[in-house]
Amino acid sequence: MTFREINSRMVEATVVPGRKLYSQRGAMLAYRGEVTFTPNSRGGGGGLMSMIGRRVAGESTPLMTVEGDGTVMFGHGGHHVQLIQLTGDTLCVEADRLLAFDGSLEQGTLFLGSQGGIMGMVRGQVSGQGLFTTTLRGHGSAAVMAHGGVVELPIVPGRPVHVDPQAYVAHHGDVRNKLSTALDWRDMVGRGSGEAFQLELSGSGAVYVQASEEKL
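Residues numbered from 1 in each chain as written. Predicted model: local features only at pLDDT ≥ 70, side-chain atom pairs only at ≥ 80, totals over all residues. Heavy atoms only, no water.

**Observations regarding the overall build of the protein chain**
- Summing up its helical and strand segments, the protein chain has two helices and 13 strands in all.
- The buried share among the 216 residues of the protein chain stands at 46%.
- Relative to all contacts within the protein chain whose residues are 6 or more apart in sequence, the contacts with residues 24 or more apart total 82%.
- Carbon and sulfur atoms make up 51% of the accessible area of the protein chain, which amounts to about 10,000 Å² in all. (Helix = DSSP H or I, 4+ residues; strand = E, 2+ residues; numbered from the N terminus. Buried < 20%, exposed > 50% of the residue type's maximum accessible area, 1.4 Å probe, protein only. Contact = heavy atoms within 4.5 Å. Areas by Shrake-Rupley, 256 points an atom, 1.4 Å probe, with all protein chains shown as cover.)

This is the structure:
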């Protein structure tokens, strides 16, 4: 495994010649050896519509490319860090929760609540939940961030899991997602908690839920 846990808020990654890592900007805490950090040109400004265009095109939040020969310690803002090992499946995680990951993982984009149509998009904005999540696919490790710790809930066929969108961190496996509301549209504005909005995850896999609804 490329990453190892140092404590609940820090991970260490091994960097080897010929292989890349990617990390959130500002996540490097310390390093040993000959390691370079280069801004990744993907991402940038341009407002909401530009962001949507970049995400549809498969681009992610600005990252740092990490290369060389050594070890790097990562952490950010004192947030809890959860390591997730992928063995050929797909991990979906909010871009601002993605701390670092193996460069061997294929990056993509998923519209969270995609089965909700345009209303799912509107609900995502009202609830404070991001419209899009970053997807990582393949074999490798990823470190994600959360508030107050993380619990992993299994998702099994016939037993969907309902999650407060603001407590959602990530999910992996063969999972479908649907964002819904228990309130009338006129009551939706200003109500972003799980009592009003629910992210339903069904299929086979797991979802990671944080202990706090606080956004990063």
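**A closer look at the side chain of Thr 71**
- Structurally, the position occupied by Thr 71 is in strand E5 (residues 63–74).
- For Thr 71, the contacting residues outside a window of four places in its chain are Glu 12, Ala 13, Thr 14, Ala 30, Tyr 31, Arg 32 and Val 35.

**Regarding the nonpolar core**
- Grouped together as the largest cluster of nonpolar side chains are 16 residues, with contacts concentrated most on Leu 91, Phe 101 and Leu 136.
- Looking at this core, the elements with two or more residues in it are strand E6 (80–93), strand E7 (98–102), strand E9 (132–146) and strand E12 (168–181).
- Beyond its immediate stretch of four places on either side in the chain, Leu 91 contacts Ile 84, Leu 86, Thr 134, Thr 135, Leu 136, Ala 142, Ala 170, His 171 and His 172.
- Counting 15 residues, the second largest nonpolar core, distinct from the first, contains Ala 13, Ala 27, Val 72 and Met 145. (Core = buried A, V, L, I, M, F, W, Y, C linked by side-chain atoms within 4.5 Å.)

**Quick look at the pattern of salt bridges**
- Within the structure shown, the criterion is met by three salt bridges.
- In this structure, Glu 12 and Arg 4 form a salt bridge, with 2.9 Å as the shortest nitrogen-oxygen distance.
- Owing to a relative accessible area of 10%, Glu 12 belongs among the buried residues under this scheme.
- The class of Arg 4 is partly exposed, set by a relative accessible area of 47%.
- The residue Arg 97 makes a salt bridge to Glu 94 at a minimum N-O spacing of 3.2 Å.
- With relative accessibility at 5%, the residue Glu 94 sits in the buried group. (Salt bridge = Lys/Arg side-chain N within 4 Å of Asp/Glu carboxyl O.)

**Overview of the pairing of strand E2 (residues 10–15)**
- As paired elements, strand E1 (residues 3–7) and E2 share four bridges and run antiparallel to each other. Bridge pairing in E2 places Arg 4 opposite Glu 12.
- Judged from the five bridges that link them, E2 and E5 form a sheet pairing that is antiparallel. Counterpart to Thr 14 in the pairing with E5 is Thr 71. (Pairing = 2+ DSSP bridges.)

**Focus: the environment of Gln 85**
- Inspection of the secondary structure assignment puts Gln 85 in strand E6.
- Between the alpha carbons of Gln 85 and His 139 there is a distance of 7.7 Å; along the sequence they are 54 residues apart.
- In this structure the side chain of Gln 85 is engaged in a polar contact, spanning 2.5 Å, whose partner is the side chain of Ser 141. (Polar contact = N/O pair within 3.5 Å; in protein donor to acceptor, adjacent residues only side chain to side chain.)

**So, the confidence of the model for the protein chain**
- Here the protein chain shows a mean pLDDT of 80. Residues at 70 or above account for 71%.
- Considering only residues more than four positions removed or in separate chains, one finds that residues 43–60, a stretch of pLDDT under 50, has 25 contacts.
- The low-confidence segment residues 115–129 (pLDDT under 50) makes 35 contacts with residues lying over four places distant or belonging to another chain. (pLDDT = per-residue confidence, 0-100.)

**Observations concerning the environment of Leu 83**
- Inspection of the secondary structure puts Leu 83 in strand E6.
- The exposure class assigned to Leu 83 is partly exposed, which follows from its relative accessible area of 21%.
- Taking the C-alpha atoms as reference, Leu 83 lies 8.2 Å from Val 11; in sequence the two are 72 residues apart.

**Overview of the environment of Lys 178**
- Counting through the fold element by element, Lys 178 comes out in strand E12.
- For the pair formed by Lys 178 and Leu 201, sequence separation is 23 residues and the distance between their alpha carbons is 6.7 Å.

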